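# Survey of secondary and tertiary structure
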Amino acid sequence: MKILITAGPTREPLDPVRYLSNRSSGKMGYALAEAAREAGHEVILISGPVVISAPAGVTLVQVETARQMYEAVRDRLEGQNAAIFSAAVADYRPASQAEQKIKKTGDTLTLTLEKTEDILGSARSVFGFTGYLAGFAAETERLLEHAQDKLVRKGCDLVIANDVSQAGIGFDSEENEVTLCLPDASPFPLPRQSKAVLARELIAFITQQASLKKLF
Ligand code: CTP
């Protein structure tokens, strides 16, 4: 089937030399892209700035900001059988970008931020996506409650929830430990494992579920 995957962080510019970003390494999304490719799927990987290379045989679309990622997804989602949103998209960006480097004039500096586009939240409601939709929920508290809420609010078939307050898993780690949240089933915890092994399991699960729903 055709799978679109988002990965990595976004960078939201503040001035010509500074940006707001996060600790995402892109490892989970790139592992998913590799596993999907290995399973014989056609993969589009829309990625924020990361240091790892894209797996062979995957169509890589490189973006920087949340707005660019939103536009890249919007332009490519049609015709995809499944979409997995693993990118750590900035929720807010500086409301204005200074044309020149901001100088150190005061003792404090207040930034005004504005909301970015919610890409996962737009998949169904704005882009009219009807394929299998999977998102991630990276939370530091009330993990399953937040994940379940995200599942319903954004019309997902699957939310992959991970507790990013735990050391050694999630952001910028080699391993991950997630719980699968589905609309009509109890949350299903998976053991802590390498992102490569987890990615293969997730792709196998998504392929099976998408096939049951006759999405390809
Ligand atoms: N996501 C996205 N676009 C955004 C923010 C998040 O597509 N602007 C996606 C992420 O790729 C991930 C999922 O949404 O799959 C959850 O990200 P998270 O930041 O936890 O979601 P939010 O809806 O921003 O969470 P909350 O409403 O709890 O702040």
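The sections below set out a description of the structure shown in this document. (Residues numbered from 1 in each chain as written. Predicted model: local features only at pLDDT ≥ 70, side-chain atom pairs only at ≥ 80, totals over all residues. Heavy atoms only, no water.)

## Notes on the site of the ligand
Condition: Think of it this way: one heavy atom of a residue within 4 Å of a molecule or strand is enough to make that residue near it. A 3.5 Å cut-off defines polar contacts: any pair of N or O atoms within that distance qualifies, except that in protein one atom must be a possible hydrogen donor and the other a possible acceptor, and neighbouring residues in sequence count only when both atoms are side-chain atoms. Accessible surface is estimated by sampling points in the Shrake-Rupley manner with a 1.4 Å probe; for residues, cover comes only from the protein chains shown. In this text, helices come from DSSP runs of H or I with a minimum length of four residues, and strands from runs of E with a minimum of two, each type numbered from the N-terminal end. Classes in brief: Ala, Val, Leu, Ile, Met, Phe, Trp, Tyr, Cys and Pro nonpolar; Asp, Glu, Lys and Arg charged; the others, Gly included, polar.
As a structural note, the neighbourhood of the ligand is formed by 15 residues, with Phe-85, Ala-87, Glu-117, Lys-150 and Lys-154 the closest of them. Within the backbone of Glu-117, a nitrogen or oxygen atom sits 2.8 Å from a nitrogen atom of the ligand. When isolated, the ligand has an accessible area of 580 Å², and the protein chains bury 78% of it. Going through the elements one at a time, α3 (119–125), β9 (132–139) and α4 (143–153) are the ones with two or more residues in the shell around the ligand. Counted by class, the shell around the ligand contains 7 nonpolar, 2 polar and 6 charged residues.

## Structural notes on the side chain of Ser-86
With respect to the helices, strands and loops of the structure, Ser-86 is situated in the loop between β6 (82–85) and β7 (92–94). Within the local environment of Ser-86, its side chain forms a polar contact with the backbone oxygen of Thr-6, the two atoms lying 2.5 Å apart.

## Topic: the nonpolar core
We apply this condition: In plain words, nonpolar cores are sets of buried Ala, Val, Leu, Ile, Met, Phe, Trp, Tyr and Cys residues tied together by side-chain atoms within 4.5 Å. A 1.4 Å probe rolled over the protein chains alone gives each residue an accessible area, and that area as a share of the maximum for its type sets the label: buried under 20%, exposed over 50%, partly exposed in between. Should any heavy atoms of two residues lie within 4.5 Å, those residues are counted as being in contact.
Ranked by size, the top nonpolar core spans 31 residues in total, and within it Ile-5, Leu-32, Ile-84, Tyr-132, Leu-158, Leu-202 and Ile-206 carry the most contacts. With 7 residues, helix α1 (residues 27–38) is the single largest residue contributor to this core. If we skip the residues at most four places from it in the chain, Leu-158 touches Tyr-132, Leu-133, Ala-134, Gly-135, Leu-151, Leu-180, Cys-181, Leu-182, Phe-205 and Ile-206. Within the second largest apolar cluster, 27 residues are counted, among which are Met-69, Ala-123, Ala-161 and Cys-181.

## A look at the sheet that holds strand β12 (residues 178–181)
Basically, it comes down to this: Following DSSP output, two strands are said to pair if at least two bridges run between them.
Pairing is mixed across the open sheet formed by 8 strands, whose spatial order is β5-β4-β1-β6-β9-β10-β12-β13. Among the strands making up the open sheet, the edge pair consists of β5 (59–62) and β13 (188–189). Across 4 bridges, strand β1 (residues 2–7) lies against β6 in parallel orientation. Each bridged residue has a counterpart across the sheet, and for Ile-3 the counterpart in β6 is Ala-82.

## Notes on α4
Selection rule: Throughout, the arc means the angular range of directions from the helix axis out to the C-beta atoms.
Every buried residue belonging to α4 is among Leu-143, Ala-147, Lys-150 and Leu-151, and all of these are buried. The buried residues of α4 occupy one face: seen down the axis, they fall within an arc of 105°. Away from the buried face of α4 by more than 90 degrees, exposed residues Val-152 and Arg-153 are located. Those residues of α4 that are buried are in contact with β9, β10 (158–163) and β12. Gly-155, located one to two residues past α4, shows a positive phi value of around 65°.

## Points about the pattern of salt bridges
In plain terms, the rule: In what follows, salt bridge is the name for a side-chain nitrogen of Lys or Arg lying within 4 Å of a carboxyl oxygen of Asp or Glu.
Scanning the model with the defined rule gives 14 salt bridges in all. Ionic pairing is found between Asp-15 and Arg-18, a salt bridge with its closest N-O pair at 2.6 Å. For Arg-124, the salt bridge goes to Asp-157, with nearest N and O atoms at 2.9 Å. Of this pair, Arg-124 sits in helix α3 while Asp-157 sits in the loop between α4 and β10; the two residues are 33 residues apart in sequence, bridging distant segments of the chain. Salt bridges sharing partners connect three or more residues here, namely Arg-67, Arg-93, Glu-114 and Glu-117.

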